[in-house]
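So you can see what is in the structure, the chains are spelled out below.
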Amino acid sequence: DVKVTQSSRYLVKRTGEKVFLECVQDMDHENMFWYRQDPGLGLRLIYFSYDVKMKEKGDIPEGYSVSREKKERFSLILESASTNQTSMYLCASSIRDRVRPEQYFGPGTRLTVT
Amino acid sequence: KNEVEQSPQNLTAQEGEFITINCSYSVGISALHWLQQHPGGGIVSLFMLSSGKKKHGRLIATINIQEKHSSLHITASHPRDSAVYICAVRGRGSTLGRLYFGRGTQLTVWP
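About the thresholds
- Residues numbered from 1 in each chain as written.
- Chains lettered and ligands numbered in written order.
- Predicted model: local features only at pLDDT ≥ 70, side-chain atom pairs only at ≥ 80, totals over all residues.
- Heavy atoms only, no water.
- Contact = heavy atoms within 4.5 Å.
- Buried area = accessible area lost by both parts, 1.4 Å probe.
- Salt bridge = Lys/Arg side-chain N within 4 Å of Asp/Glu carboxyl O.
- Helix = DSSP H or I, 4+ residues; strand = E, 2+ residues; numbered from the N terminus.
- Nonpolar A, V, L, I, M, F, W, Y, C, P; charged D, E, K, R; others polar.
- Buried < 20%, exposed > 50% of the residue type's maximum accessible area, 1.4 Å probe, protein only.
- Polar contact = N/O pair within 3.5 Å; in protein donor to acceptor, adjacent residues only side chain to side chain.

A. Fine view of the interface of chain A and chain B. The partner chain B presents 22 residues to the 27 residues of chain A that form the contact. Across the interface of chain A and chain B, roughly 1,900 Å² is buried in total on both sides, 58% from carbon and sulfur atoms. Our count for the contact surface shared by chain A and chain B stands at 1 salt bridge. With a shortest N-O distance of 2.6 Å, Arg98 of chain B and Asp59 of chain A are connected by a salt bridge. Contributing elements (two or more residues each) for the side of chain A that touches chain B: strand S4 (31-38), strand S5 (42-51) and strand S9 (87-94) of chain A. The residue makeup of the side of chain A that touches chain B, split by class, is 13 nonpolar, 8 polar and 6 charged.

Given below as structure tokens:
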């Protein structure tokens, strides 16, 4: 079974703090994704990566950065957390394959910025 | 404008009722996914469709490529079906696997 794990289920941080969200997958997937999910807005793509050290902006990259130093790990960084970044953050991974595009999701991290 | 539109946004049903959730999309796709998210956050894939119809237990998913429309049906609904159901599409020719998501349908089934 594919497993995608995220470092924390719940996180509370103060405004201005630097926040790291970690995601690890164990299936040697090339593609990894970070989403945020807000009520009424659904899942929105923040960043994605299709290879080690490669990254692409998604639809809402402002205020975020990412790091992918190893294939299995994709980190989301909030350089200076703000209250409007309070959200559920979901990581996903998929194989680079035209035929089997399924994404596998982690359990999510509910981040509260006070 | 969202590339993927779902309806309804919220749905309440009595146990045993037949449920339909609709999804329309505006882009050419290589696949459409139906996902389920239970309280607590974890998302699981229910179906991946590129044509026709698929069935798994009490769940049926259909897609009409010409009309750019898909439906998820739940027969004999049960309280454990209560969850958020999300439609997502993968653009045609994409090797990066990027998905475009609908905003989700919150389903509540009462006993």
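B. Structural context of the side chain of Ser49 of chain A. Residue and element names in this part refer to chain A. Mapped onto the fold, Ser49 is located in strand S5. Judged by relative accessible area, Ser49 falls into the buried class, the value being 0%. From its side chain, Ser49 meets the backbone oxygen of Met54 in a polar contact 2.6 Å long. Apart from the residues within four sequence positions on either side, Ser49 is in contact with Glu30, Asn31, Met32, Met54, Lys55, Arg68 and Phe74.

C. Structural detail: unusual backbone geometry. A cis amide bond, omega -10 degrees, links Ser7 of chain B with the succeeding residue Pro8 of chain B. Look at Lys53 of chain A: it is not a glycine, yet its phi comes out positive at around 65 degrees. Positionally, Lys53 of chain A belongs in the loop between S5 and strand S6 (54-57).

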